[in-house]
Amino acid sequence: MNGRRLALLVLLLVVAAGALWTWRSGQDGQTTPGGAAPPQQAYDYEAHDVVLRQMGPDGRLQFQVEARQITQLPESGRIAAEGLTLYHDPPGTEPGGPNRWTLTADRGELPAEGGVVTLAGDVRAKGILVGGGGAVTIATGHLQYDLATQELGTDDDVQLTWGATTTRIRGLHFNVRTGEGLGSEINATLDPR
Amino acid sequence: MQPLIHDSRRSLLKVLAASGVAAWLATGVAARDATAPIVASNKGQVHFNLPAGTQTLEKDVELRQAPDTLIRADKAEGTNLPGGNYDNGHWVLSGAVHIEFEDTVLDANSATVIFDKGRIRTITVEGTPARFSHPGTTGERNQGQANTISYDGNRRQVRFAGQTAYAFGPYEGISDKPLIYDLDSTEITSEKGRSDDSRIIFTFRNMQASARFWRANINGGTQVLEQDVELRRTPGTLIRAEKAEGSNLTDGYDEGQWTLTRKVQIEYQDGALDADTATVAFGAGEVRSIQVRGTPARFSYPAGSSGQRFEGRADTVSFDGDKRQVRIVGHPSRYTFGIDQGSSDKPLLYELDKGAFRSEDNGDADAHVRGTFNPRNRVPTPRTPDRSTAQ
């Protein structure tokens, strides 16, 4: 494991109740965010019931993850999580403030350094747009979230709920910062009440 | 009328049939039940900006709202949709626009639909032409086409402007003026604007009517025409007046009665009438009766094959279509027959087919018929032989 990453992880990792480190050189029976069982010796460590906070170079909180279990993949250094909730505060917003985005999923992979979060299995992203307009909820089976560009993207079917509108869209690229979205084959129920 | 309408009907049917498979949506629909949810769908790209309240939908766009509102288009650009709220959305639609609401159908190249509290406030469609249809009372749909067709949701009226043609009930026509169609009463009115020379022309079988202003209630069988009114039936009938009010028009212009006022001129077959007011009744497509009044009313008709005309002036001139007889009533009435002329306190009856006239006994012993007869109208009397010189 990369020493820098380990140091950063140790710095950012707040172990919740019952946290468990299990250094393993061989472990089977675990799943990846994509759902496939990892090969033997697929990860370097695992932890349970953890809270992980990733800080940026400026010391600012980049994101926070609460997970039932995390493991680190040896090759890429990415962290696989299960039963996770990810919190992200768009730049310029108060950490933990009203514009915080909350993403939940059955499984996820977190970037070793910035980059893109990949979520799978009953994915839900919820937040309030900086530009105004109320809460937005996105539900889908698979989602990527680019922490740098703040863009959510998926090719799967999406249910987007915003205000009085519930919309099903095939594929979606949605920018959390601007509130702009691009998808196809909308099927929206617009309740004028 | 021109085959234009018939062609347009066929085209409209094709459009309506094709629209069943159509595609593309666009705009919101509002219906009588504003609490019904609006369902939007498309088969192409969707671009939206939630804070800005905008959406752009492409390909097979469709918006529906129960019970009967449907909007389709190739592309729909929506604005004023804050918080995903479509209550007050503005939609600009383009490409194969098809709109249905409250039994009304619109087909056009482009459209703008504005919602207000979940109901359609206005629709403006444009096309070459845009087409409209709405249920008539006889089973057929009232149809109209124009460059621009606008719907005012508050007034529940549809306005046609630009190369307007229509087929409402038994009538077909064209209009240079904008027409207003009321969805509830199905009354049609030409828009009164600044004075110009534009006219409305409409036809029913061999009858053509035109005027600068027209108001018609097809269901009620009434029509009002104003300014330079002209009713023309081929062959042989031309009616002009400043105003014509038709009633009991139950079978187009084949049945019904017209009340004419101001500058009335009637030409029927070879006869002519000029008057201040008139009433003309049609039955089975023929003129059944005419009654004109004036100060005086004037009548003229060819007198047989002599080339002369019978002319009468009186307070009232009546034509009986069954008897083919004209009755002239005045105090007195005056007449000219060729170069003979006279006056009568009694009604005069002129037989159109015989070219003869006579006075009518009205029971007034003091009433007289007076006349001067020019001897040139008579056959010269043979000279009596001089007996003194007779052989």
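Residues numbered from 1 in each chain as written. Chains lettered and ligands numbered in written order. Predicted model: local features only at pLDDT ≥ 70, side-chain atom pairs only at ≥ 80, totals over all residues.

**Quick notes on the overall build of chain A**
So, step 1. Of regular secondary structure, chain A possesses one helix and 10 strands.
So, step 2. Element order for chain A, N to C, with α for helix and β for strand: α-β-β-β-β-β-β-β-β-β-β.
So, step 3. Looking at chain A as a whole, 34% of its 193 residues qualify as buried.
So, step 4. Taking contacts inside chain A between residues at least 6 apart in sequence as the whole, the part at least 24 apart equals 43%. (Helix = DSSP H or I, 4+ residues; strand = E, 2+ residues; numbered from the N terminus. Buried ≥ 20, exposed ≤ 12 C-beta atoms within 10 Å, placed from the backbone. Contact = placed C-beta atoms within 7 Å.)

**Details of the overall build of chain B**
So, step 1. Assigned secondary structure in chain B consists of one helix and 29 strands.
So, step 2. The burial tally for chain B puts 40% of its 391 residues in the buried class.

**Description of the confidence of the model for chain B**
All names here are of chain B.
So, step 1. Mean pLDDT for chain B: 81, with 81% of residues reaching 70 or above.
So, step 2. When the criterion is pLDDT under 50, residues 1-32 qualifies, and its contacts beyond four places in sequence or with other chains add up to 100 contacts.
So, step 3. Note on residues 378-382: pLDDT is under 50 here. Beyond four places in sequence and across chains, it has zero contacts.
So, step 4. Two numbers describe this predicted complex: its pTM, 0.75, and its ipTM, 0.76. (pLDDT = per-residue confidence, 0-100.)

**Things to note about the nonpolar core**
Within soluble globular proteins, side chains that are nonpolar tend to cluster in buried spots.
All names here are of chain B.
So, step 1. Within the largest apolar cluster, 126 residues are counted, with the highest numbers of intra-cluster contacts made by Leu 106, Val 113, Val 292 and Ile 328.
So, step 2. Looking at this core, the element that brings in the most residues is strand 6 (residues 104-116), giving seven residues.
So, step 3. Beyond its immediate chain neighbours, meaning those up to four positions away, Val 292 contacts Val 264, Ile 266, Leu 273, Ala 275, Thr 277, Ala 278, Ala 297 and Val 317. (Core = buried A, V, L, I, M, F, W, Y, C linked by C-beta atoms within 7 Å.)

**Quick look at the environment of Arg60(A)**
So, step 1. In this structure, Arg60(A) sits in the loop between strand 2 (46-55) and strand 3 (61-72).
So, step 2. On the basis of neighbour counts, which here come to 10 C-beta atoms within 10 Å, the residue Arg60(A) falls in the exposed class.

**Description of the interface of chain B and chain A**
So, step 1. Contacts between the two partners involve 25 residues from chain B and, on the opposite side, 26 residues from chain A.
So, step 2. For the side of chain B that touches chain A, the elements supplying multiple residues, two or more each, are strand 1 (38-41) and strand 2 (45-49) of chain B.
So, step 3. Here the residues of the side of chain B that touches chain A are counted per class, giving 12 nonpolar, 11 polar and two charged. (Nonpolar A, V, L, I, M, F, W, Y, C, P; charged D, E, K, R; others polar.)

**Some details on the pairing of strand 1 of chain B**
Residues and elements named next belong to chain B.
So, step 1. Residues Ile 38 and Ala 40 line the buried face of strand 1, whereas the alternating positions Val 39 and Ser 41 sit on a face that is not buried.
So, step 2. Relative to strand 3 (residues 54-65), strand 1 runs antiparallel, the two sharing four bridges. Residue pairing across strands places Ala 40 opposite Leu 63, the latter belonging to strand 3. (Pairing = 2+ DSSP bridges.)

**Here's the deal with the environment of Gly163(A)**
So, step 1. Structurally, Gly163(A) can be placed in the loop between strand 8 (151-162) and strand 9 (165-175).
So, step 2. C-alpha separation for the pair Gly163(A) and Ala135(A), spaced 28 residues apart in sequence, amounts to 6.9 Å.

**With respect to unusual backbone geometry**
Residues and elements named next belong to chain B.
So, step 1. At the junction of Thr 128 and Pro 129, the peptide bond is cis and its omega measures out at 0° in the coordinates.
So, step 2. When you line up the elements, Pro 129 lands in strand 7 (residues 119-135).
So, step 3. Note the cis peptide between Thr 295 and Pro 296, where omega equals -5°.
So, step 4. Here the phi dihedral of Lys 117 falls at roughly 55°; this positive angle occurs in a residue that is not glycine.
So, step 5. Its place among the elements puts Lys 117 in the loop between strand 6 and strand 7.

**Concerning the pairing of strand 28 (residues 356-359) of chain B**
All names here are of chain B.
So, step 1. Here strand 27 (residues 348-351) runs beside strand 28; their pairing, made up of four bridges, is antiparallel. In the sheet register, Leu 349 faces strand 28, and the bridge partner there is Arg 358.
So, step 2. In this structure, the hairpin formed by strand 27 and strand 28 is closed by a connection of four residues, where Gly 355 is found at a positive phi of approximately 65°.

**Here's the deal with the confidence of the model for chain A**
All names here are of chain A.
So, step 1. Looking at chain A, pLDDT values average 78 and 74% of them are 70 or higher.
So, step 2. Helix 1 (residues 3-12) is the least confidently modelled element of chain A, averaging 43 in pLDDT, while strand 6 (residues 116-128) averages 95, the highest of any element.
So, step 3. Note that pLDDT drops below 50 for residues 1-12; the model gives that stretch 10 contacts with residues more than four away or on any other chain.
So, step 4. Here residues 14-39 scores under 50 on pLDDT; set against residues more than four positions off or in separate chains, the count is 46 contacts.

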